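# Close look at the chain arrangement
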Amino acid sequence: MFFSALLIGFLGSLHCVAMCSPITLMLGKSKDRSQFIFQRVIYNLGRVAGYGILGIIAGVFGKLLNIAGIQQWFSIGIGVAIILVIITLGSGKFYNPTFRPLVKVVTFLRMKFSTIYQSEMKFKGLFIGLLNGFLPCGLVYMALLGAITMETIGEALLYMIIFGFGTWPMMLLISFSGGWIY
């Protein structure tokens, strides 16, 4: 069951590169090599911590569904919905309306990113990574659906942490390439 989290993270990390590399590359260049590496490692730890927090929330939600006796039906419904979305995306007829609460979240996060980027904080990368973990992302949503099906909140947390570490190889590669791109 946890292997699927690692697989989603690893195989989906190309998506992460496309969507998150601008955030990663904005960590900037440092003349001090150890500081350069430090910021990138803590950025990725921050992302995983954000996913872990979301895992706890998913675990609580999954527990509530289980208590209500509908987790199995919820899981089946989500599976059907995923299949329908994939079919719809393949047909080119997918409609993506603007969801106002989501726009508000993204606007709030964008303002926080800006504030942190401009700061001289030692752990800037950690906070940027943490915020990055909360950005709307279909890949993260897929992992969260897996986390909701876990039996305990701790397993949901672990599921999301493993998912996050699955994205590490590609995200670290992009993070470190920032030194060559600048």
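For the structure, check the block above.
Residues numbered from 1 in each chain as written. Predicted model: local features only at pLDDT ≥ 70, side-chain atom pairs only at ≥ 80, totals over all residues. Heavy atoms only, no water.

## Some words on helix H5 (residues 124-133)
Counting buried positions over the ten residues of H5 gives seven, a clear majority of the element. By the burial criterion, the buried members of H5 are Lys 124, Gly 125, Ile 128, Gly 129, Leu 131, Asn 132 and Gly 133. (Buried < 20%, exposed > 50% of the residue type's maximum accessible area, 1.4 Å probe, protein only. Helix = DSSP H or I, 4+ residues; strand = E, 2+ residues; numbered from the N terminus.)

## Observations regarding the nonpolar core
Core analysis: the largest hydrophobic core is formed by 30 residues, its most contacted members being Ile 23, Tyr 43, Phe 113, Ile 128, Val 140, Met 160 and Phe 163. Within the residue set of this core, elements represented by two or more residues are helix H1 (2-25), helix H2 (33-67), helix H4 (100-118), H5, helix H6 (138-148) and helix H7 (153-166). Apart from the residues within four sequence positions on either side, Phe 113 is in contact with Ile 23, Ile 128, Leu 131, Asn 132 and Leu 135. (Core = buried A, V, L, I, M, F, W, Y, C linked by side-chain atoms within 4.5 Å. Contact = heavy atoms within 4.5 Å.)

## Some details on H1
Here H1 contains 24 residues, and its C-alpha end-to-end distance of 30 Å is more than 12% below the 34 Å for a straight helix at 1.5 Å per residue. Remark: the principal bend of H1, roughly 55°, maps to Met 19, with a proline, Pro 22, within the next four residues. Where H1 is concerned, the buried positions are Ala 5, Gly 9, Gly 12, Ser 13, Cys 16, Val 17, Cys 20, Ser 21, Ile 23, Thr 24 and Leu 25. (Expected span 1.5 Å × (residues − 1). Bend = angle between axes of the 7 residues up to and from the residue.)

## Points about the environment of Gly 46
Turning to its location among the elements, Gly 46 is positioned in helix H2. Along the sequence, Gly 46 and Gly 133 sit 87 residues apart, while their C-alpha atoms lie 7.4 Å from each other. Aside from chain neighbours lying at most four places away, what touches Gly 46 is Leu 126, Gly 129 and Leu 130.

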